[in-house]
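Below are the chains, spelled out letter by letter.
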Amino acid sequence: MTDTANMDIDTNTPMDSTKRKALDPKSKTIHFTSRNPPWTYFKLKLIPQPGNPIQPLDTLSARSYLSSALSQFLGLTGTAIPIDILKIENSSPTEKYDLAWIRVPREDAAAVVGAVSSWIGGGNKSVESADVAWRICAKGNFLGALVAGSGADLFIP
């Protein structure tokens, strides 16, 4: 048989005073801080040199121009920088020059700025090829901020 001992429990002592409070259903604000975004976005403008014919920019030409700029600036290391071409905008009545939206890893952004801003592409001096240069119109770590809005116009065909 077992002996039962008298146990005194003090009921006047409050239990744990750090109870969780229910979240207020009215507060839907979410605070988010991204200190090291993985990508840097660029809006580039293709500028033909004076006296050269303007050729419409396509994805293959943009890739070729960007690879040439990186190769000229950094050699083989420059060609290893991954570049995603997000959108090509051909010139229109409101925009005189072709635009390209690209994305590069954040660590390589400084190299891309140096390569693209100092590059002037030399064509083969035929009618189909022209001397062109890139101008950086905008650079940022967030695409929405770069577009100065929601970013919806980036995906309009």
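Predicted, not measured: the structure shown is a model, and the values here were computed from it.

What counts and how
Residues numbered from 1 in each chain as written. Predicted model: local features only at pLDDT ≥ 70, side-chain atom pairs only at ≥ 80, totals over all residues. Heavy atoms only, no water. Helix = DSSP H or I, 4+ residues; strand = E, 2+ residues; numbered from the N terminus. Contact = heavy atoms within 4.5 Å. Areas by Shrake-Rupley, 256 points an atom, 1.4 Å probe, with all protein chains shown as cover. Core = buried A, V, L, I, M, F, W, Y, C linked by side-chain atoms within 4.5 Å. Buried < 20%, exposed > 50% of the residue type's maximum accessible area, 1.4 Å probe, protein only. Polar contact = N/O pair within 3.5 Å; in protein donor to acceptor, adjacent residues only side chain to side chain. pLDDT = per-residue confidence, 0-100. Axes fitted to C-alpha atoms, helices over the stretch in contact; angles between N-to-C directions. Parallel < 35°, antiparallel > 145°, perpendicular 65-115°, else oblique. Phe/Tyr/Trp six-rings, centres within 6.5 Å; stacked < 30°, edge-to-face > 60°. Pairing = 2+ DSSP bridges.

Chemist: Honestly, the overall build of the protein in this entry has me stumped. Any pointers?
Modeler: The helix and strand inventory of the protein stands at 4 helices and 5 strands. Partitioning the intrachain contacts of the protein with sequence separation of at least 6 by distance along the chain shows that 68% fall at a separation of at least 24. If you sum the accessible surface of the protein, you get close to 11,500 Å²; carbon and sulfur atoms cover 54% of it.

Chemist: Looking at this model, I keep getting lost on the nonpolar core. Mind explaining?
Modeler: As a rule of thumb, soluble globular proteins bury nonpolar side chains together. Ranked by size, the top nonpolar core spans 21 residues in total, and within it Phe42, Leu44, Leu66, Ile102, Val112 and Trp134 carry the most contacts. Elements that contribute at least two residues to this core include exactly strand E1 (39–48), helix H1 (59–74), strand E3 (98–105), helix H3 (109–118) and strand E5 (132–140). If we skip the residues at most four places from it in the chain, Trp134 touches Leu44, Lys45, Leu46, Leu57, Ala62, Tyr65, Leu66, Ala100, Val116 and Trp119. Counting residues in hydrophobic clusters, the runner-up holds 6 residues, among them Tyr41, Ala138, Leu143 and Val147.

Chemist: Would you mind going over the side chain of Thr40 with me for this structure?
Modeler: Its place among the elements puts Thr40 in strand E1. Owing to a relative accessible area of 1%, Thr40 belongs among the buried residues under this scheme. Of the polar contacts made by the side chain of Thr40, one reaches the side chain of Asn141; its length is 3.1 Å. Apart from residues lying up to four places away in sequence, Thr40 is in contact with Ile102, Arg103, Val104, Pro105, Arg106, Ala109, Lys139, Gly140 and Asn141.

Chemist: Where do I start with the confidence of the model for the protein in this structure?
Modeler: Residues shown with low pLDDT carry predicted positions that ought not to be read at fine detail. Here the protein averages 80 in pLDDT, and 71% of its residues register 70 or above. Mean pLDDT across the secondary structure elements of the protein bottoms out at helix H4 (residues 143–147), with 77, and peaks at H3, with 95.

Chemist: Mind showing me how you'd approach the packing of H1 against H3 here?
Modeler: For any two helices packed against each other, the geometry is given by the interaxial angle and the distance between the axes. The contact between H1 and H3 brings their axes to 8 Å, and the two run at 105°. Relative to H3, the element H1 lies roughly perpendicular. Side by side, H1 and H3 meet where Leu66, Ala69, Leu70, Phe73 and Leu74 of the first sit next to Ala111, Val112, Gly114, Ala115, Val116 and Ser118 of the second.

Chemist: Can you walk me through the packing of aromatic side chains in this structure?
Modeler: To describe a pair of aromatic rings, you give the distance between the ring centres and the angle between the ring planes. According to the stated counting rule, one finds 2 aromatic pairs in the structure shown. Relative to Trp119, the ring of Tyr65 has its centre 5.7 Å away and its plane inclined at 40°; by these criteria the two rings are tilted. Taken together, the residues Tyr65 in helix H1 and Trp119 in the loop between H3 and strand E4 (120–121) connect sequence positions 54 residues apart. Residue Trp119 is classed as buried on the basis of its relative accessible area, which comes to 4%.

Chemist: Sorry if this is basic, but what is going on with the pairing of E5 here?
Modeler: Side-chain positions along a regular strand alternate between the two faces of the sheet. Here E1 runs beside E5; their pairing, made up of 8 bridges, is antiparallel. Within the sheet, the bridge partner assigned to Tyr41 lies in E5 and is Gly140.

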